[in-house]
Amino acid sequence: MIFREDTYRVLIVSASEKFNTVTASLLPGSEFWPVTIVKTAGEAQRRLLETAYDIVLVNTPLPDGFGTELARDACAKSHAAVLLLVKRELQDEIYYKVMESGVVTLPKPVSEQTMTQMLRTLCSLRERLRRAEEKQVTVEKKIEELRIVNRAKWLLIERLHMTEEDAHGYIRRQAMDKRVTQREAAEDILRTYQ
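Residues numbered from 1 in each chain as written. Predicted model: local features only at pLDDT ≥ 70, side-chain atom pairs only at ≥ 80, totals over all residues. Heavy atoms only, no water.

Core analysis: the largest hydrophobic core is formed by 21 residues, its most contacted members being Leu11, Val13, Val56, Leu70, Val82 and Leu84. Broken down by secondary-structure element, the contributors of at least two residues to this core are strand E1 (8–13), helix H2 (41–50), strand E3 (55–59), helix H3 (68–77), strand E4 (81–87) and helix H4 (91–98). Among the elements that take part in this core, H3 stands out by supplying 4 residues, more than any other. Apart from residues no more than four positions distant in its own chain, Val82 is found in contact with Val56, Ala71, Ala74, Cys75, Val103, Val104 and Leu122. (Core = buried A, V, L, I, M, F, W, Y, C linked by side-chain atoms within 4.5 Å. Buried < 20%, exposed > 50% of the residue type's maximum accessible area, 1.4 Å probe, protein only. Helix = DSSP H or I, 4+ residues; strand = E, 2+ residues; numbered from the N terminus. Contact = heavy atoms within 4.5 Å.)

This is how it looks when you write it as structure tokens:
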């Protein structure tokens, strides 16, 4: 067993005590912690608003609905890897309903070995989603920096009657001279001239 510095936060949504007990036993604390178990979609929705989970397991049907809407919402409103367990005879129908939302389906009954393999697959999916989140944050930061630099540049054009090229060069020189980022130099210009 390998101890990970980071663990996967898991939400199990199931009214079946047997499923909850067996599934929880497949989630070693060194990899999966905390593990939260709730019995209804409503309670799961509340938990999803309070906590960012890495993995959400939905064992259908639930007392207050089948569980497909919960699974879709979990995918739409979070970056969790979501698994929906459905009766074998419903698997194809449900798969086509939730696939475009990013929900993974698994027919039940399911063996412990298959569930363990699926949990590993969900961990891999979560890592891929985590990398996509990081890239998104980086892109958003770059876009915000460009907006600030452009606002400063247009302020220099308006107030000091510089050309666009001169304003851009001025911001770059200020950043180099002060040993700060272009964003910080632009923020200084905005504070000075606004």
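One open sheet accounts for 5 strands, arranged E2-E1-E3-E4-E5; its pairing is parallel. The open sheet has two edge strands with one neighbour each: strand E2 (32–38) and strand E5 (104–108). Across this sheet, the average inter-strand angle for adjacent strands is 20°, counted without regard to direction. Pairing between E1 and E3: 4 bridges, direction parallel. Bridge pairing in E3 links Val13 to Val58. (Pairing = 2+ DSSP bridges. Axes fitted to C-alpha atoms, helices over the stretch in contact; angles between N-to-C directions.)

For an α-helix the count is 3.6 residues per turn, leaving residues at separations of three or four pointing the same way. Turning to H4, its buried residues number three or more, namely Gln91, Ile94 and Val98. Here the buried residues of H4 occupy an arc of 70° about the axis, which is enough to place them on one side. Away from its buried face by more than 90 degrees, H4 exposes Asp92 and Tyr96. (Arc of directions from axis to C-beta.)

Here we come to the side chain of Lys108. Inspection of the secondary structure puts Lys108 in strand E5. Within polar-contact distance, the side chain of Lys108 engages the side chain of Asn59 at 2.6 Å. Reaching out from Lys108, the side chain makes a polar contact with the backbone oxygen of Thr60 at a distance of 2.3 Å. (Polar contact = N/O pair within 3.5 Å; in protein donor to acceptor, adjacent residues only side chain to side chain.)

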